[in-house]
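Here is how the chains run, residue by residue.
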Amino acid sequence: MIVLHGSPVSVYTAKLRIALHAKGLAFVEREPEGGYRSAAWRERQPTGTIPALEIDGVLLAESEAIVEYLEDTHPTPSLLPGTPLQRAQARFLARFHDLHLEPRVRALFALVRDGARTPAQVQAAAAALQERVDLLARLARPGPFLAGTGLTVADLGMTVSVPLGAMLLDALGQALRLPPALQSWLDAAQIHPAVAAGLAPWRPATDRWLTTAFVPTVAP
Ligand SMILES: N[C@@H](CCC(=O)N[C@@H](CS)C(=O)NCC(=O)O)C(=O)O
């Protein structure tokens, strides 16, 4: 039995949950005992991050490595498009998410929790994320999925981080502008059964987190 170690509120857990649903795989989900920052979790998963996939007692971390493992072991349905170049482009977009777009979303968490944030800090963080979203619109030609007609590795993290970025910016009084092609992509992606199933635990958990974590700006 596949065990997904993660958390309902975690972006990268949601990314993998979508992949597991897309592959039609049965799995159970567990939160690390004591939380993913605990010594007990680091004992099991030395880098301390979630998600990790447990297969036959072996724990595998790093979402991209896990997605590749799933693709190797369960090639159908594939999360990669047809030609080697298209496959490389899909992998490029997956890495663009992890390395260049998601960190700009992650930067918003600290601002949401910080009542001493300044308008300049918020505007700078919003502009930084907007720049990456606009870049994504230039890099991908949604059709309607980011790397063509079907769901691929390119969509997994983006279907979590782009809505999350919009939610966090909204809490901060800013708006994320999605170029029309990306709005069509998001509309199509969010009703894909694997994406909807993967996001189902994530969305209410994130709404709850935002309600409790948000600190209104305090006057200096
Ligand atoms: N590159 C990692 C990123 C995973 C990641 O950052 N996970 C977050 C939760 S969404 C986490 O574990 N943060 C805790 C930490 O970095 O200590 C992956 O793709 O799995």
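Just so you know, these numbers come straight off a predicted model, no measurement behind them.

**Points about the side chain of Arg17**
And then number 1: Structurally, Arg17 is set in helix H1 (residues 11-22).
And then number 2: Of the residues examined, Arg17 reaches a relative accessible area of 2% and is grouped as buried.
And then number 3: Separated by 2.7 Å, the side chains of Arg17 and Glu29 make a polar contact.
And then number 4: Non-local contacts of Arg17, meaning those with residues more than four positions away in its chain, are made with Leu4, Ser7, Pro8, Phe27, Glu29, Ala197, Gly198, Pro201 and Trp202.

**Quick look at the packing of helix H4 (residues 84-113) against helix H5 (residues 119-139)**
And then number 1: Two numbers describe how H4 lies on H5: the axes approach to 10 Å, and their chain directions differ by 165 degrees. One way to sum up the angle between H4 and H5 is to call them roughly antiparallel. Judged by the twist between their axes, the crossing of H4 over H5 is left-handed. On H5, the residues that touch Phe92, Leu93, Phe96, His100, Leu101, Arg104, Val105, Leu108 and Leu111 of H4 are Gln121, Val122, Ala125, Ala128, Leu129, Glu131, Arg132, Val133, Leu135, Leu136 and Leu139.
And then number 2: Looking at the contact of H4 with H5, its residues break down into 15 nonpolar, two polar and three charged.

**Structural notes on the domain arrangement of the protein chain**
And then number 1: Under the domain assignment used here, the protein chain contains domain 1 (2-73) and domain 2 (84-213).
And then number 2: Taking only C-alpha atoms, the centre of domain 1 and the centre of domain 2 are 20 Å apart.
And then number 3: Interface area for domain 1 against domain 2, summed over the two sides, is near 1,600 Å², with a carbon-plus-sulfur share of 70%.
And then number 4: Sorting the residues of domain 1 by area buried against domain 2 places Val11, Tyr12 and Ile18 first, and these three jointly supply 37% of that buried surface.

**Here we look at the side chain of Lys15**
And then number 1: Relative to the helices and strands, Lys15 resides in helix H1.
And then number 2: By relative accessible area, Lys15 is classed as buried at 1%.
And then number 3: Not counting the four nearest positions on each side in its chain, Lys15 is found in contact with Ser63, Glu64, Asp98, Leu156, Gly157 and Val160.

**Comments concerning the packing of aromatic side chains**
And then number 1: All chains considered together, the criterion is met by two aromatic pairs.
And then number 2: On the numbers, 5.0 Å between centres and 75 degrees between planes, the contact of Phe109 with Trp209 is edge-to-face. In this pair, Phe109 is assigned in helix H4 and Trp209 in helix H10 (residues 202-213), connecting sequence segments 100 residues apart.

**So, H5**
And then number 1: Helix length check: H5, at 21 residues, gives a terminal C-alpha distance of 30 Å against a target of 30 Å (1.5 Å per residue), a fit within 8%.
And then number 2: Along H5, the residues that are buried comprise Val122, Ala125, Ala126, Leu129, Gln130, Arg132, Val133 and Leu136. Buried residues of H5 fall within an arc of 160 degrees about the axis and therefore sit on the same side. Residues Ala120 and Arg138 are exposed on H5 and point more than 90 degrees away from its buried face.
And then number 3: Tucked into the core, H5 has its buried residues touching H4, helix H7 (158-171) and helix H8 (180-190).

**Examining the site of the ligand**
And then number 1: Close to the ligand lie Ser10, Val11, Tyr12, Tyr36, Thr49, Ile50, Pro51, Glu62, Ser63 and Arg106.
And then number 2: One of the backbone nitrogen or oxygen atoms of Ile50 is found 2.7 Å away from a nitrogen atom of the ligand.
And then number 3: Between Ser63 and the ligand, the recorded distance is 2.6 Å, taken from a side-chain N or O atom to an oxygen atom.
And then number 4: With the chains in place, 80% of the 510 Å² that the ligand exposes on its own is no longer accessible.
And then number 5: Here the residues of the shell around the ligand sort into five nonpolar, three polar and two charged.

What counts, and where the lines are drawn
The written sequence of each chain sets the order in which its residues are numbered from 1. Side-chain atom pairs in this predicted model are given and counted only at pLDDT of 80 or more, local residue features only at pLDDT of at least 70, and totals for whole chains, interfaces and linings cover all residues. Based on all heavy atoms of the structure, the side-chain values leave hydrogens and waters out of the count. Where helices and strands are cited, they refer to DSSP runs of H or I of at least four residues and of E of at least two residues respectively, numbered from the N terminus. When a residue's accessible area, from a 1.4 Å probe over protein chains only, is under 20% of the maximum for its type it is buried; when over 50% it is exposed; and in between it is partly exposed. In protein, a polar contact requires one atom able to donate a hydrogen and another able to accept it; more generally it is a pair of N or O atoms within 3.5 Å, and residues adjacent in sequence count only if both atoms are side-chain atoms. Any two residues whose heavy atoms approach within 4.5 Å are treated as being in contact. To get an axis, a line is fitted to the C-alpha atoms, and for a helix only the part in contact is used. The angle between two axes follows their N-to-C directions and goes from 0 to 180 degrees. By the definition adopted for this analysis, an angle is roughly parallel if under 35 degrees, roughly antiparallel if over 145, roughly perpendicular if from 65 to 115, and oblique otherwise. Two helices that cross are described as forming a left-handed crossing if the nearer one is turned anticlockwise from the farther one by less than a right angle, and a right-handed crossing if clockwise. Residue polarity follows a fixed list, in which Ala, Val, Leu, Ile, Met, Phe, Trp, Tyr, Cys and Pro are nonpolar, Asp, Glu, Lys and Arg are charged, and the others, Gly among them, are polar. A domain assignment, automatic or from a database, supplies the domain bounds used here. Note on definitions: buried area is the accessible-area loss of two parts on being combined, 1.4 Å probe, summed for both. The aromatic pairing rule takes the rings of Phe, Tyr and Trp, using the six-membered ring of Trp, and pairs them if the centres are within 6.5 Å, calling planes under 30 degrees apart stacked, those over 60 edge-to-face and the rest tilted. By definition here, a helix of n residues has an expected span of 1.5 Å times n minus one. Relevant arc is that of directions from the helix axis to the C-beta atoms, nothing else. Note on definitions. A residue lies near a molecule or strand when any single heavy atom of the residue is within 4 Å of it. Surface exposure here means Shrake-Rupley accessible area, sampled with a 1.4 Å probe, where a residue is shielded only by the protein chains that are shown.

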